Amino acid sequence: QVEVRTVLAGHGIIMNDVEIVDVNKAKMITFEVDQPIEIKALKAIWQLSFFYMLFQVADKGMLRSIGIDHKPDFEDDLSVRLKYNGKTNETITRMMMNLALASSDFAHEEHPKMLDPLCGRGTTLFEGMISGYDVYGVDKDQKSVAELGTYITRYVKEARLKHTNKRVKLIHLGKHTGDLFELQYAKEKADYKSGLLRELKVVRGDTTNFDGAFRQKHMHLIVADLPYNVQHSAKSGEGNGLSWLLEAGLKAWTPFLKKGGGVAISWNIYTDKRSAFVKIFEENGYEVINEYGLDNLEHRVAQAITRDIIIARKK
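Here's what I pulled together on the structure shown here. From a predicted model like this one, the values you see are computed outputs, not experimental measurements.

Some remarks on the packing of aromatic side chains
Here comes step 1: In this structure the tally under the stated criterion is 10 aromatic pairs.
Here comes step 2: Plain terms: the ring middles of Y136 and F214 are 5.4 Å apart, the flat faces sit at 65° to each other, and that makes the pair edge-to-face. Residue Y136 is located in strand 6 (residues 134–139), and its partner F214 is located in the loop between strand 9 (198–204) and strand 10 (219–225); the two are separated by 78 residues in the primary sequence.
Here comes step 3: The buried category is assigned to Y136, whose relative accessible area is 1%.
Here comes step 4: Between the NZ or CZ atom of K187 and the centre of the ring of F74, over which it lies, the distance is 5.3 Å.

The following block contains the structure:
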């Protein structure tokens, strides 16, 4: 309910009389709206993390299917196919993207630009590509970035998409600050010829210092899953938990985000309290969004991991 309420509110639609009902073996969310659901809002519904079908309740309780004329840039297997330990859950990732976009000033953006500054092997980036985003990532692990580049290059080749890719050294102010993998592609040959390209760029570098990698005030969204592992939870001289990473990260990430841009951050509550993270966001020029239950997204992942999510907007 939180996701669909937030997404529709981002399109100016308020849901009333919301219920979860059982229809045979399926569970459905039922609701009423006081205005027609326009095309962009229907597309946003299609992109909900849990979406399967949309029906209108007709006379005598009959259900009439509502078709949504939308074809994603990629099928879901783009993010599902790649398997590895510690992989971020694709459904939760898509929900975070949707919540951040709907809570930003750019809910109607056709092709949002999203940064994952802790991208690992790219689950969040691939979810963004499925949704038609331009995506940008940063990760310090050379193996992860290399595998990401190899995987997506092979994928677009197998899909026979027109594309170009390159790997170059990232130079900023005369210093080598990292390595850049860049992919540009188009679903249709005509789009490729006319330069209507989507792009993925990933920097192997330090998430707290990647100046020069991307244009400032370029991103509509920042979506990231903070590390859960115990070895990441404390750093000598920088206090306990991951507050140091979030604080240093926001100082590095914020210049790349547009005013009104949305942020979704998830973390393990056993490393840091929500109140501490909220304070860091507010001290760095963000408004934490709590409407529609966005302050109640805590959920268990494993025995030692209970994840929470903060949604915020840059002032």
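Still to come is the rest of the account.
Examining helix 2 (residues 39–46)
Here comes step 1: The complete set of buried residues in helix 2 reads A41, L42, A44 and I45. Down the axis, helix 2 shows its buried residues gathered within 160° of arc, on one side only.
Here comes step 2: Close packing links the buried residues of helix 2 with helix 1 (2–10).

Considering the side chain of H163
Here comes step 1: Mapped onto the fold, H163 is located in strand 7 (residues 162–172).
Here comes step 2: There is a polar contact of 2.8 Å between the side chain of H163 and the backbone oxygen of L161.
Here comes step 3: If we ignore the near neighbours within four places in the chain, the residues touching H163 are V156, K157, L183, Q184, Y185 and Y192.

A look at the pattern of salt bridges
Here comes step 1: Taken as a whole and judged by the stated rule, the model has 15 salt bridges.
Here comes step 2: For R94, the salt bridge goes to D76, with nearest N and O atoms at 2.9 Å. Taken together, the residues span a long stretch of sequence, with R94 in helix 4 (residues 90–102) and D76 in the loop between strand 4 (63–65) and helix 3 (77–80) at a distance of 18 residues.
Here comes step 3: We note a salt bridge from R198 to D134, for which the minimum N-O separation is 3.1 Å. Of the two residues, R198 sits in strand 9 while D134 sits in strand 6, which places them 64 residues apart along the sequence. Judged on exposure class, the residue R198 and its partner D134 are both buried.
Here comes step 4: One connected set of salt bridges, linked through shared partners, spans D76, R94 and E127.

How each quantity is defined
All residue numbers here refer to positions counted from 1 along the written sequence of the relevant chain. Totals for whole chains, interfaces and linings use every residue, but because this is a predicted model, local features are given only for residues with pLDDT of at least 70 and side-chain atom pairs only at 80 or more, for both listing and counting. As a rule here, side-chain values come from all non-hydrogen atoms in the structure, and water together with hydrogens is ignored. In this analysis, rings of Phe, Tyr and Trp, with Trp reduced to its six-membered ring, are considered paired at centre separations within 6.5 Å, and the interplanar angle assigns stacked below 30 degrees, edge-to-face beyond 60, and tilted for intermediate values. Where helices and strands are cited, they refer to DSSP runs of H or I of at least four residues and of E of at least two residues respectively, numbered from the N terminus. For every residue, the accessible area obtained with a 1.4 Å probe (protein chains only) is divided by the maximum for its type, and the residue is called buried under 20%, exposed over 50%, and partly exposed between those limits. Criterion for a charge above a ring: Lys NZ or Arg CZ within 6 Å of the ring centre, and within 35 degrees of the ring normal. The arc in question is traced by the directions running from the helix axis to the C-beta atoms. Any two residues whose heavy atoms approach within 4.5 Å at even a single point are treated as in contact. Nitrogen and oxygen atoms within 3.5 Å of one another constitute a polar contact, given that in protein one can donate a hydrogen and the other can accept it, and given that sequence-neighbouring residues count only through two side-chain atoms. For salt bridges, the criterion is a side-chain nitrogen of Lys or Arg within 4 Å of an Asp or Glu carboxyl oxygen.

By themselves these figures say nothing about function.
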